[in-house]
Amino acid sequence: MPISIIYARSINNTIGDQGQVPWNLPAEYSNFLSIVKGNAVIMGRLTYEDHLDEIPNCLSIVVSQQNNYPVANNVHVYKDLAEAISFASQKYTNIFVIGGVNLITEALEQAHQVYETIVDARIEGDTCLPPIDYSKWDTKLIKKFTRDSKHKYAFKIYHHQRIIS
């Protein structure tokens, strides 16, 4: 089952601070929703707790080790990534891992594509991705946004496609 990953990070690899995304970029979030729409999304507990609801127009799955972890209606909980993928693959051909760090790094081994937003700022936070080497992937810049009245930071969105040899 091919897996996709989608995430946003600052130039210093920050993806979160105190359980929340440390920026407000409406166009980036809109792009995220358009890419994952109609697909399955898998997220860790802390990623889920950033919004406490299902991702609109998606099968939303939370990975948590906590027994009886409470979630909103239409959100499913599984103990690990493999169980979540197995459940999602019963009805969906496109599965996105959207965070956190552990799920992204675990899913990277089997991912066939990654959508990566790089926020053009050094943002401090308590959750950072390790550097990921995309030198053996086919990388394309798909969108570029400048700062404006709704976006404190400029950002770029890249699509990395695994090169199969």
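In case you missed it, the structure is sitting above this.
Residues numbered from 1 in each chain as written. Predicted model: local features only at pLDDT ≥ 70, side-chain atom pairs only at ≥ 80, totals over all residues. Heavy atoms only, no water.

*Asks:* Any details on helix α3 (residues 81-88)? Residues and values, ideally.
*Replies:* Residues of α3 that are buried include every one of Leu81, Ala84, Ile85 and Ala88, and no others. With its buried residues spanning 100 degrees around the axis, α3 presents them on a single face. Two or three places before Ala82, at the opening of α3, Asp80 has a side-chain oxygen 3.2 Å from that residue's backbone nitrogen. (Buried < 20%, exposed > 50% of the residue type's maximum accessible area, 1.4 Å probe, protein only. Helix = DSSP H or I, 4+ residues; strand = E, 2+ residues; numbered from the N terminus. Arc of directions from axis to C-beta. Polar contact = N/O pair within 3.5 Å; in protein donor to acceptor, adjacent residues only side chain to side chain.)

*Asks:* Break down the sheet that holds strand β6 (residues 95-99) for me, citing the residues and quoting the values.
*Replies:* If you walk across this open sheet you meet the eight strands as β5-β4-β3-β6-β1-β7-β10-β9, and the pairing is mixed. Since the sheet does not close on itself, it has two edges, and those belong to β5 (75-78) and β9 (137-145), each with one partner. Strand-to-strand twist of the sheet, defined as the mean angle between neighbouring strand axes without regard to direction, takes the value 25 degrees. For β9 and strand β10 (residues 155-162), the ladder comprises eight bridges, and the chain directions are antiparallel. Counterpart to Lys143 in the pairing with β10 is Ile157. Set on the sheet, α3 makes contact with β1 (3-10), β3 (40-44), β4 (59-63), β5 and β6; between it and β4 the angle comes to about 165 degrees. (Pairing = 2+ DSSP bridges. Axes fitted to C-alpha atoms, helices over the stretch in contact; angles between N-to-C directions. Contact = heavy atoms within 4.5 Å.)

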